[in-house]
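# Overview (structure and organization)
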Amino acid sequence: MFHHGGGGTKVPVPKISLIVAVGLIIPVATYTAFQLAQSSENERLLRSIYRRQLDSILFSVNQYCWDTFNTWATELAALARSLEQADRVWPGVRTVRRFLHGKPPLAAAFVQNTKDVFMLAAAGQFASIQRPPLRRFVVATLSERKSAWNRAVRQARAGYVRPLVERLDVDHTVLLFPVLDADTRASVVATCGFVIDDQRFVDDVVARKLNAMNTGEFIFAVSDRSRDHLLYASEDFEGNRFETSESLWILPDLRLQIRLRGTTLEQLSRARTRRNLLLLGAVNAILVLALIFLLRTVAHEMTLARMKTSFVANVSHELRTPLSLIRMYAETLELGRVPDEAKRRRYYRSIVSESSRLTQLINNILDFSRIESRQKRYKFAELDLGEVVERVVNSYRFHLDQNGFKVDVRVRRPLPPVVADPEAVEQALVNLLDNAVKFSSDRREISVEVKAERERVNVSVTDRGIGIPESEHEKIFEEFYRVGDDLVHNTRGSGLGLALVKHIMKVHRGSVKVRSRVGEGSTFTLEFPVA
Ligand code: ADP
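The shown structure was predicted, so the numbers you read here are calculated from the model rather than taken from an experiment.

Calculation criteria
Residues numbered from 1 in each chain as written. Predicted model: local features only at pLDDT ≥ 70, side-chain atom pairs only at ≥ 80, totals over all residues. Heavy atoms only, no water. Axes fitted to C-alpha atoms, helices over the stretch in contact; angles between N-to-C directions. Helix = DSSP H or I, 4+ residues; strand = E, 2+ residues; numbered from the N terminus. Parallel < 35°, antiparallel > 145°, perpendicular 65-115°, else oblique. Left-handed = near helix turned anticlockwise from the far one by under 90°. Contact = heavy atoms within 4.5 Å. Nonpolar A, V, L, I, M, F, W, Y, C, P; charged D, E, K, R; others polar. Pairing = 2+ DSSP bridges. Salt bridge = Lys/Arg side-chain N within 4 Å of Asp/Glu carboxyl O. Buried < 20%, exposed > 50% of the residue type's maximum accessible area, 1.4 Å probe, protein only. Core = buried A, V, L, I, M, F, W, Y, C linked by side-chain atoms within 4.5 Å. Expected span 1.5 Å × (residues − 1). Near = heavy atom within 4 Å. Polar contact = N/O pair within 3.5 Å; in protein donor to acceptor, adjacent residues only side chain to side chain. Areas by Shrake-Rupley, 256 points an atom, 1.4 Å probe, with all protein chains shown as cover.

## Topic: the packing of helix H7 (residues 341-372) against helix H9 (residues 422-438)
Following both chains from N to C, one finds H7 and H9 inclined at 120°, their axes separated by 11 Å at the closest point. On the basis of their axis angle, the class for H7 and H9 is oblique. In this structure, H7 meets H9 at a crossing whose hand is left-handed. Within the contact between the two elements, H7 uses Arg357, Gln360, Asn363, Asn364 and Asp367 and H9 uses Gln427, Val430, Asn431 and Asp434. Its residues assigned to classes, the contact of H7 with H9 shows one nonpolar, five polar and three charged.

Written out as structure tokens, the structure reads:
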């Protein structure tokens, strides 16, 4: 007998799945890794671009403050040179006072020449400060910070004005710088100084520049780091996290701070990262779904291909066996070697029954291909199902008797008529009977019952055969499907019978049901709706 199935002939679905999976997963994983790397790279780039932008703003503010100081220093230095020879305080003070005019950030300015004349002019509030304490402060600073002062002198000779910076009190800073003689630039002709009002300097110089540069994207602040005091903020802000901060070159105790408005660089880049990751996740999910779908399709196609191969093998076998029987009987009869009349009759009947089996098989296949190509046409008419069933069983009885089957037909009248194609009903019934015969072993009993039930007429075929496991109850109706145990494979079949039955019942707006237990038998029921 033809035996089909088993591990050897199976197309290796898992292996192909593996190839597909690897073929897809590797690119997906690579792409994901690349995207992740790329996105963190992008974040870094974005952050550094922003940071550079912030830095450059701070830099130009600093530059501007420095320039302002330089302008003042140059102007005062010129005055100091003109006062080099002064030996009285008064006219010099007047000159310095004129210099001070219109420079609100300067609380005071002074010149001390080589003749030790200390010419001081002070503005507003600061005017109340007396000359002597400031002079003492200057003298003390110069002697305490000798090396810093010498450095300032050296730098002045090289052409730079670098002041010596010393805090006077919480609100004021003193800037001291040397003035060299105009010709040789060798000797110090005067010591000059500004007393800077920190708050006014911030308001009039720093803040003005910051505001000029503000495009609305940033928040600026200036604070005094020596006492953690906020001197200026471009607007109210929450928290005190600033992306970038920098000391003011000219007043190192003051700190310039800048940050993005409403958000921080951190938040900005985190939001971007999150968006990118979400997108990436979505793309990956789609790819994985596509992969699963693909694998399932491939597996399904391969199973179908396997079943078709087995179908061809089964059908060829099914054709060959009856054909060779028919030929054998016919040849024997032709030779006239069968003298016994009873034996002859048996041969004839065998020929008839085998050829009708062939017809049925070919009908199944033809119908199936017609259904597949949607060319199958049905001729519906009002029928009495009881009559049809009796006719079919009677014409099949010889075959059943020959195989030792006891058949019990019960038609429970009255039956309402149904609308059906008689040929199709016949074919469905023959397929069920044929299966009942094929899948019975010791107990050769078949019962066929027709009865009305609510809005339906049911035709059921029951056998006491090998039965069908619960898990296969749905699959047996698929085309080419045959239960995979040896008992089934040792019987002939195409796997098309039940698929056809199912199709026929669908066309009749009815259905086919199975009830079965392994080892006890099966009942297939055709349910037709009442006309
Ligand atoms: P075939 O009978 O040609 O194999 P069918 O579509 O008619 O194909 O049946 C599909 C499968 O269902 C059979 O191969 C068999 O495994 C199972 N089957 C059908 N009818 C019965 C039955 N009466 N008893 C046990 N198994 C059955």
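## Let's talk about the sheet that holds strand S9 (residues 254-260)
One open sheet holds the four strands; their spatial order is S7-S6-S9-S8, and the pairing between them is antiparallel. The sheet is open, and its two edges are formed by strand S7 (229-233) and strand S8 (244-247), each paired on a single side. The sheet shows a mean angle of 25° between the axes of neighbouring strands, taken without regard to direction. The sheet contact formed by S8 and S9 spans four bridges and is antiparallel. Note that in S9 the partner of glutamate 246 across the bridge is leucine 256. Packed onto the sheet, helix H5 (residues 198-213) meets strand S6 (218-224), S7 and S9 and runs at close to 40° relative to S7.

## Some points on the pattern of salt bridges
For the coordinates displayed, the defined rule picks out 23 salt bridges. Here arginine 167 ties to aspartate 198 by a salt bridge, and the two come within 2.9 Å at their closest N and O atoms. Here arginine 167 is found in strand S3 (residues 164-169), whereas its partner aspartate 198 is found in helix H5, with 31 residues between them in sequence. The class for aspartate 198 is buried, based on a relative accessible area of 3%. Of the charged contacts, one joins aspartate 367 and lysine 376 as a salt bridge, the two residues approaching to 3.3 Å between their closest N and O atoms. For lysine 376, a relative accessible area of 19% corresponds to the buried category. One salt-bridge network, in which partners are shared between bridges, spans Arg167, Asp171, Asp198, Asp224, Arg227 and Asp253.

## Examining the nonpolar core
By size, the foremost hydrophobic cluster in this structure holds 52 residues, and its most contacted members are Leu433, Ile446 and Leu526. No other element matches the nine residues that H9 contributes to this core. The residues touching leucine 526, leaving out its near neighbours within four places in the chain, are Ala428, Leu432, Val457, Asn458, Val459, Val501, Met505, Ser511 and Val512. Membership of the second largest hydrophobic core comes to 50 residues, among which are Leu83, Val189, Phe201 and Phe220.

## A short note on helix H2 (residues 89-100)
With twelve residues, H2 ought to run about 16 Å at 1.5 Å a step, and its terminal C-alpha atoms sit 16 Å apart, in line with that. At the C-terminal side of H2, glycine 102 shows a positive phi close to 80°.

## Some words on the environment of valine 179
You can see valine 179 is positioned in strand S4 (residues 172-180). Taking the C-alpha atoms as reference, valine 179 lies 34 Å from leucine 230; in sequence the two are 51 residues apart. Excluding residues within four positions of it along the chain, valine 179 makes contact with Ala77, Ala80, Arg81, Ser187, Val188, Val189, Ala190 and Cys192.

## Comments concerning the site of the ligand
Near the ligand lie 20 residues; those nearest to it are Asn435, Asp463, Arg482, Ser494 and Leu498. In the model, an oxygen atom of the ligand is placed 3.2 Å from a nitrogen or oxygen of the valine 483 main chain. In this structure, leucine 498 approaches the ligand through a main-chain N or O atom, which is 2.8 Å from an oxygen atom. Compared with its free state, where it exposes 530 Å², the ligand has 98% of that area covered by protein. Of all the secondary-structure elements, those providing two or more residues to the shell around the ligand are H9, helix H11 (497-507) and strand S16 (521-529). Split into classes, the residues belonging to the shell around the ligand amount to ten nonpolar, seven polar and three charged.

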